[in-house]
Each structure stands twice: as structure tokens, then as C-alpha cells.
Amino acid sequence: MLTGASGGLGTFMARAFVNYKFKQALVAHPGANLEELRKVIEDRGGEAISITCDLRDAAQRKQLLKDVRKQLGPIDILVNNAGVEFTSVYHELSEENIYGTLRVNLEAPMILSRLVLPEMLERKRGHIVNISSLAGRSGPAFQEPYAATKAGLIAFTSSLRATYRGSGVSASVILPGFVEAGIYAKLKAKSGCSAPALIGTSPPEAVPRAVIRAIEKDLPEIIVNPIPVRPLFAMIALFPSLGEWMSNKIGANEFFHKVIEAQKREERQ
Ligand SMILES: NC(=O)c1ccc[n+]([C@@H]2O[C@H](COP(=O)([O-])OP(=O)(O)OC[C@H]3O[C@@H](n4cnc5c(N)ncnc54)[C@H](OP(=O)(O)O)[C@@H]3O)[C@@H](O)[C@H]2O)c1
């Protein structure tokens, strides 16, 4: 089951998963049109159903799983991909948007995982993949709720792996940097600014590849970024003040600052 199937990265994932013969449950917001994507999958010889669900709503989440089980049987793989992001000066962000980010990005993956775990454990087979972000490690400026939820997914995945070790059921977390689709593509179009050259951007196909590799090799975590960033994260862990200085120099904070300026210009017009 793939959430956020209508989004930039979700559509790339759904198309890539056809090669692996998964029966796919494509999940998106009410109102999203998944029919075209479902047809593409079927034309390529895959099998997919499309279901809408507002992931913020507990009753709709339960109903979603009932519907998927009824139509496709038990769930083997859950990809928690749906996500929302609001670039904003934190205290100017509405509480509604803060709660919305917490619900879609963290609560929904945690609760969906809890609901699919019993059937996975019963069959001694299953994998949960949580789509986090480099923002969950680095905490860039103007990204407080997003960064907090993505950091939450990293810790959540690590706990799941520790709890269910040896059961046949496991979890992985994917940390993409800037990817040329979805959220980043929208920010770029809105602000006219590109990701900092010192971080670079990844093609969207790199994310489904990472998801598949994480499942096949049962990997705890994969970073999707063209330039290696683990040394920076090691630096932040060892020397937080120096790491913070380096993070700032790399330019992600400046990128989001430019997005804020573009948003403010747009509001004034
Ligand atoms: N693109 C990047 O550069 C990048 C980098 C790092 C991490 N990520 C992560 O990758 C994942 C996919 O992001 P994306 O770039 O593909 O973004 P996107 O194009 O905005 O797609 C987000 C998806 O989440 C769905 N969604 C949002 N709120 C929902 C709700 N309440 N109920 C159900 N579905 C909801 C959206 O549905 P609607 O379209 O119908 O609203 C859409 O399908 C996210 O978790 C994001 O944080 C992306």
C-alpha cells in the first residue's frame, strides 16, 4: 500500500513498483485523480486499485485498511509516503497547519503501521518504509513542523526495527534530499530558486530505487542525495556548533529563506 500516490514522488514509485509485480493499493487525498496512474500501471501489466482517504482522519484510516484488505488481501508492504510541507516563519504558521503536518507526516504513518503490524506478524512477513527527509537530520530554517515530523519518522523506524527484530517484519526509513519532483519542484517554481549546489538534487527515479533496495536488503536507512552528506551529519553529531556553522554555509537555510521572501512578495501583490 502506497500513500501519497498522487504526488510527485508517489507517481514515480507506483510506476517503478510495476516491475516488482506488487498488487498496489494507491492511496491519495479525496479529490485526487488516480485513475490515469492506475491505467498506466495496468497497461504495463501491473495490478492496482485506487482509494482515497484523508490521512488526518482516524476513522478514514481504519476504513482505508478494511477496503484494501477486502480488495487485495493482507498488506505485505506499507510505504508511508504522503507528506505535507509549509515553508514559514514558525510563529507565523497557523496552528491548523502545524497540526496538519503532524497528522499527515507522523501520526498517520505511526497509526497505519500499528494497524498493519498484527497481520504482518501473523504471516511472519512484512516491511514498512517511511519516507522521511534530510530535513529530519539537519533541521533547516523555516521547516520546524516538517523537520520535527521527519526526525520523528527516523526514530520511529529505528524503534520498530529493534522491537520486531527476527520476526520477519521490518522497517526502513528513506531520507531524500532535494528531489526534482513534488515538494521541491513546487518550491522551486514558486521561488525561482534552486537547491544549493553543495547539496545538489536527485532525479525522482532515485527514490523508488532506494525503497526497493531498502526492502530487498532490509536496510535501516538510505539517504538519497547526489553528494555524500553523512560526513556533515557525523560532524553535527560530534561537534554541534561547528556542524551548525557548516550547515548554514551549505545554503539550505538560505534556500528556504528565499522561498519565504518569494511568498511574501506574492502576498503583497
Ligand atoms: N520532493 C522532494 O524533494 C522531497 C524531499 C524529501 C522528502 N520528500 C518526501 O517525499 C514524500 C512525497 O513528497 P512529494 O515531494 O511527492 O510531495 P507531493 O507531490 O506534495 O505529494 C504529497 C502526497 O501526499 C498526499 N497527501 C497530503 N496530505 C494528505 C492527506 N491529508 N491525506 C491523504 N494524502 C495526503 C498528497 O495528496 P494530494 O496531492 O491530493 O494533496 C500527495 O499525494 C513526502 O513525505 C515528502 O516529505 C520529498
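Position numbers for residues count from 1 along each chain, tracking the sequence in the order it is written. This being a predicted model, a pLDDT of at least 70 is required before a residue's local features are given, and a value of 80 or more before pairs of side-chain atoms are given or counted; all residues contribute to the totals for chains, interfaces and linings. In computing side-chain values, all of the structure's heavy atoms are included and hydrogens and water are not.

1. As for the pattern of salt bridges
One side chain can pair with another of opposite charge once the charged atoms of both are near each other.
No. 1: Salt bridges are defined by distance alone: a side-chain nitrogen of Lys or Arg within 4 Å of a carboxyl oxygen of Asp or Glu. Scanning the model with the defined rule gives 14 salt bridges in all.
No. 2: One salt bridge connects R38 with E35, and the closest N-O pair in it is separated by 3.0 Å. A residue pair is termed a helical-turn pair when its members lie 3 or 4 positions apart in one helix, as R38 and E35 do in helix α2 (residues 35-43) at 3 residues.
No. 3: Using a 1.4 Å probe on the protein chains alone, a residue whose accessible area is under 20% of its type maximum counts as buried, one over 50% counts as exposed, and one in between counts as partly exposed. Using a relative accessible area of 37% as the deciding quantity, one classes E35 as partly exposed.
No. 4: Notably, a salt bridge pairs R56 with D54, separated by 2.8 Å at the nearest N-O pair.
No. 5: Given a relative accessible area of 40%, R56 falls into the partly exposed group.
No. 6: Of the residues examined, D54 reaches a relative accessible area of 15% and is grouped as buried.
No. 7: Through salt bridges with shared partners, a single ionic network connects E35, R38 and E42. Secondary structure follows DSSP: runs of H or I at least 4 residues long count as helices, runs of E at least 2 residues long count as strands, and numbering of each begins at the N terminus.

2. What about the site of the ligand?
No. 1: For the ligand, the set of nearby residues contains 30 residues, the closest of which are S6, H29, N81, Y146 and K186.
No. 2: Any N or O atom pair separated by 3.5 Å or less is treated as a polar contact, with the protein-specific requirement of one donor-capable and one acceptor-capable atom, and with residues adjacent in sequence counted only for side-chain atom pairs. Residue G4 places a main-chain N or O atom 3.2 Å away from an oxygen atom belonging to the ligand.
No. 3: Here I183 contributes a backbone N or O atom positioned 2.8 Å from an oxygen atom of the ligand.
No. 4: Against a free-state accessible area of 890 Å², the protein chains account for coverage of 90% of the ligand.
No. 5: Those elements that provide at least two residues to the shell around the ligand are α1 (8-17), α6 (144-164), β6 (178-179) and α7 (182-191). By convention in this text, a residue qualifies as near a molecule or strand provided that one of its non-hydrogen atoms is within 4 Å of it. Method for areas: the Shrake-Rupley scheme with a 1.4 Å probe, in which residue coverage is limited to the protein chains shown.

3. Quick word on the pairing of strand β4 (residues 126-131)
No. 1: Counting buried positions along β4 yields 6 of 6 residues, so the element is predominantly enclosed.
No. 2: Residues G126, I128 and N130 point to one face of β4 and H127, V129 and I131 to the other, with burial holding for every one of them.
No. 3: A pair of strands counts as paired when DSSP detects no fewer than two bridges linking them. Strand direction decides the pairing type here: strand β3 (residues 77-80) and β4, joined by 4 bridges, are parallel. Across the sheet, the residue bridging to N80 is N130, located in β4.
No. 4: In this sheet, strand β5 (residues 169-176) lies alongside β4 in parallel orientation, the contact comprising 6 bridges. Looking at the pairing, N130 lines up with V173 of β5.

4. Brief notes about the side chain of T87
No. 1: Here T87 is to be found in the loop between β3 and α4 (95-122).
No. 2: By relative accessible area, T87 is classed as buried at 6%.
No. 3: At 2.5 Å, the side chain of T87 forms a polar contact with the side chain of E85.
No. 4: We call two residues in contact whenever any of their non-hydrogen atoms come within 4.5 Å of each other. Here T87 is in contact with F142, Q143, L187, F256, V259, I260 and Q263, once residues within four sequence places are set aside.

5. Comments concerning helix α10 (residues 240-250)
No. 1: Listing the buried residues of α10 in full gives G243, S247 and I250. End-on view of α10: buried residues confined to an arc of 60°, all on one side of the axis. Exposed side chains of α10 directed beyond 90 degrees from the buried face belong to S241, E244, W245 and K249.
No. 2: Positive backbone phi, approximately 110°, marks G251, located one or two places after α10. By arc we mean the arc of the directions from the helix axis to the C-beta atoms, nothing more.

Functional significance is not addressed by these values, which are geometric in nature.
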